[in-house]
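What follows is the residue order along each chain.
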Amino acid sequence: MKRRDLLKSALGISAGLVGMTALKPLYASADDMAFKAEPMFDVEPTKVTDRCYYFLATDPEPSPENKAFFNNPGFIITSEGVVVVDTGSSVQIGEMVIRQIKKVTDKPIITVINTHYHGDHFLGNHAFIEENPKIEIISHQATIDNIKNGGGEFWVGFMQRNSNNAISGTVITLPNKTVAGGETLKFGDTTLKIHQFAKAHTECDLIVEVVEDKTAFLGDVAMRRVANMADGSFPGTIETMKKAKALGCSNYILGHGPHDGPAICDDMQAFCENIYLNAVKYYDEGLSPFEMKPKIMDEPFMKNVASKWPGYDSTLGNFISLAVMEAEANMF
Ligand SMILES: [Zn+2]
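About the thresholds
- Residues numbered from 1 in each chain as written.
- Predicted model: local features only at pLDDT ≥ 70, side-chain atom pairs only at ≥ 80, totals over all residues.
- Heavy atoms only, no water.
- Helix = DSSP H or I, 4+ residues; strand = E, 2+ residues; numbered from the N terminus.
- Buried < 20%, exposed > 50% of the residue type's maximum accessible area, 1.4 Å probe, protein only.
- Contact = heavy atoms within 4.5 Å.
- Areas by Shrake-Rupley, 256 points an atom, 1.4 Å probe, with all protein chains shown as cover.
- Pairing = 2+ DSSP bridges.
- Axes fitted to C-alpha atoms, helices over the stretch in contact; angles between N-to-C directions.

(A) Main features of the overall build of the chain. The number of helices and strands found in the chain is 12 helices and 12 strands. Residue burial in the chain is summarised as follows: out of 332 residues, 55% are buried. Put simply, 71% of the contacts in the chain that link residues at least 6 apart link residues at least 24 apart. Summed over its atoms, the accessible surface of the chain is roughly 13,400 Å², and 53% of this surface lies on carbon and sulfur atoms.

(B) The pairing of strand E8 (residues 184-187), seen in detail. Judged by which residues are buried, E8 turns out to be one-sided: Leu-185 and Phe-187 face inward and are buried, whereas Thr-184 and Lys-186, on the alternate face, are not. Two strands pair when backbone bridges link them, and E8 and strand E9 (residues 190-195) are joined in this way by 4 bridges, in the antiparallel orientation. The residue of E9 that forms the bridge with Thr-184 is Lys-193. Counted along the chain from E8 to the antiparallel partner E9, the turn is 2 residues long, and its residue Gly-188 has a positive phi close to 60 degrees.

(C) Just the environment of Phe-217, in detail. Mapped onto the elements, Phe-217 comes out in strand E11 (residues 215-217). Using a relative accessible area of 3% as the deciding quantity, one classes Phe-217 as buried. Here the alpha-carbon distance between Phe-217 and Leu-254, two residues 37 residues apart in the chain, equals 6.1 Å. With residues up to four places along the chain from it excluded, the contact list for Phe-217 reads Cys-52, Tyr-53, Gly-74, Phe-75, Ile-76, Val-85, Leu-206, Ile-207, Val-208, Val-210 and Ile-253.

(D) Quick peek at the sheet that holds strand E12 (residues 251-253). Spatially, the 5 strands line up as an open sheet ordered E8-E9-E10-E11-E12, and their pairing is mixed. Every other strand in the sheet has two partners, leaving E8 and E12 as the edge strands with one partner each. Direction aside, the axes of adjacent strands within the sheet are offset by 20 degrees on average. Relative to E12, E11 is paired through 3 bridges, and the arrangement is parallel. In the sheet register, Ala-216 faces E12, and the bridge partner there is Tyr-252.

(E) Examining the sheet that holds strand E3 (residues 74-77) more closely. What the 7 strands build is an open sheet, ordered E1-E2-E3-E4-E5-E6-E7; its pairing is mixed. Lying at the two open borders of the sheet, with one neighbouring strand each, are strand E1 (46-47) and strand E7 (177-179). Here 3 bridges tie strand E2 (residues 52-54) to E3, and the two strands are oriented antiparallel to one another. Looking at the pairing, Tyr-54 lines up with Gly-74 of E3. Relative to the sheet, helix H4 (residues 91-104) contacts E2, E3, strand E4 (82-85) and strand E5 (109-113), its axis offset from that of E3 by approximately 30 degrees. Contacting strand E6 (136-140) and E7, helix H7 (residues 141-163) crosses the sheet at an angle of about 95 degrees to E6.

Below you can see the structure in the form of structure tokens.
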């Protein structure tokens, strides 16, 4: 079976059925096994609180050297079992995450939460459903829809190209349970609140608040780098940052980069305000994105803080264009 067909057949199966049944054809013969790239190297998890850990990825982009490991899968140890937040870019990374969790706790992995539909946050699902075919994989419905409607295939291709095929063998594995934000999930001694504040990094970002530990997993709604805003919203991110800070957490664990205190919410808010509010202002004055760029770069926050973030030089122009497009769309 060609890889494309494999993915198509995996995608054609409804969410409830994606599991061992869906995976069996992949392992039906030795030929199929040859698809699978070698295992991911081990990354030590970072402990934030007694319950909350994450795997810090140091590179901002996928590469053959990092095997497409460039975001932070996380996990929460509850008295009932382990809840994983985002699973990495491949089955190999998912397997590594499982391996490392087993070194920290003997509790079973019972639930996975995908914060959104970008490939580095859900492609590792495959490893978890292989480990436990009954595992609950939670996301927003829009995450499932996006993965099904071409997003899944796009991300497999993206990761394969950028990692020199280090994710070979990864089968797109859909979440099988949906939340919309506002839910409270109890896992024995641990309370998880699921938040979905606004269209921020995507239209369906989930924030996972671990109430007892005053810690929130933010997915990609905040980061100290200039990355992917193509699916997002500047005003929505500003609103989300205000609400994320109002949770009053001590720790915010990010999809990319080291965890932080509430200051991360301030920084991301300031970053989006500097770009968006200036884009609106200069748009009214008739400036093009190209003409706005040096003026925005001259703002103190941009000069002193954001300019040090990875991707600033290469991506800021694109961010300003996106802000102008969003400002235009909101005007008419
Ligand atoms: Zn993302």
